[in-house]
Amino acid sequence: MTLLRTQLGRTLRGHRLRQRRTLRDVSGAARVSLGYLSEVERGQKEASSELLASICDALDVELADLLAEVSSGLRGPDGRVRPLAAGAVAAGVPAETADAAQAGEAAVAAAAETLVPAGAPEPALALVGATTRAAHRAGGAVSLAA
């Protein structure tokens, strides 16, 4: 199983790279240090909910959308949770971290592009109604439906 912080970091980096923004730009907008944001993107630091909200605001990404994307990324192509690689638990380092570094940022951005893999099961909860930041600011209603 991939660690949550690793998948969160990959997904955040993918959004930043697709927007062609630098760590410096996003860290300034999110009011977090460049080094800390880099560690979050690399899955080395756990991000608090407040920090995630701030980064999402800086990237103009809904937190709920980010979490849905992370959730689908934690599942394999068959919709099942991916197992940990051998030795990764004992070492405390996810095997995917080294692989992602070698694959390069382009591969990370391409992997983050896929929001829902083919054949993935339907989520237990779904956002219903306006889900964009602009709609939310305009008073649009968002509710959860099972």
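Residues numbered from 1 in each chain as written. Predicted model: local features only at pLDDT ≥ 70, side-chain atom pairs only at ≥ 80, totals over all residues. Heavy atoms only, no water.

Summing up its helical and strand segments, the protein chain has nine helices and two strands in all. Reading the secondary structure of the protein chain in the N-to-C direction produces α-α-α-α-α-α-α-α-β-α-β. The buried share of the protein chain, taken over its 146 residues, is 33%. A fraction of 63% describes how many contacts in the protein chain between residues 6 or more apart in sequence connect residues 24 or more apart. Only carbon and sulfur atoms are counted for the fraction: they give 58% of the accessible area of the protein chain, which is about 8,700 Å². (Helix = DSSP H or I, 4+ residues; strand = E, 2+ residues; numbered from the N terminus. Buried < 20%, exposed > 50% of the residue type's maximum accessible area, 1.4 Å probe, protein only. Contact = heavy atoms within 4.5 Å. Areas by Shrake-Rupley, 256 points an atom, 1.4 Å probe, with all protein chains shown as cover.)

It is worth spelling out the pattern of salt bridges at this point. Applying the stated rule across the entire model yields five salt bridges. The salt bridge involving Arg13 is made with Glu41; its shortest N-O contact spans 2.9 Å. On the criterion of sequence distance, the pair formed by Arg13 in helix 1 (residues 4-18) and Glu41 in helix 3 (residues 34-41) is long-range, its members being 28 residues apart. Glu41 carries the same exposure label as Arg13, and that label is buried. Across the pair Arg21 and Asp25 runs a salt bridge, and its minimum N-O distance is 2.5 Å. Overall, Asp25 belongs to the partly exposed group, its relative accessible area being 37%. Put simply, Arg13, Arg16 and Glu41 are held in one network by salt bridges that share partners. (Salt bridge = Lys/Arg side-chain N within 4 Å of Asp/Glu carboxyl O.)

Along the chain, Ser71 turns up in helix 5 (residues 63-73). Between the C-alpha atom of Ser71 and that of Gln7, which follows or precedes it by 64 residues, the distance is 8.4 Å.

What follows concerns the nonpolar core. If you look at the biggest cluster of nonpolar residues, it comprises 19 residues, and the most contacted ones within it are Leu12, Leu37, Leu51, Leu52, Ile55, Leu59 and Leu66. Looking at this core, the elements that each hand over two or more residues are helix 1, helix 2 (23-30), helix 3, helix 4 (49-59) and helix 5. No other element matches helix 4, which puts six residues into this core. When near neighbours in sequence (up to four residues on either side) are disregarded, Leu37 contacts Leu23, Val26, Ser27, Val32 and Ile55. (Core = buried A, V, L, I, M, F, W, Y, C linked by side-chain atoms within 4.5 Å.)

Since there are 3.6 residues in each turn of an α-helix, residues three or four apart along the chain are aligned in direction. Within helix 4, the full set of buried residues consists of Leu51, Leu52, Ile55, Cys56, Ala58 and Leu59. Along helix 4, the residues classed as buried sweep out an arc of 160 degrees about the axis, all on the same side. Looking one or two residues beyond helix 4, the residue adopting positive phi is Asp60, at roughly 55 degrees. (Arc of directions from axis to C-beta.)

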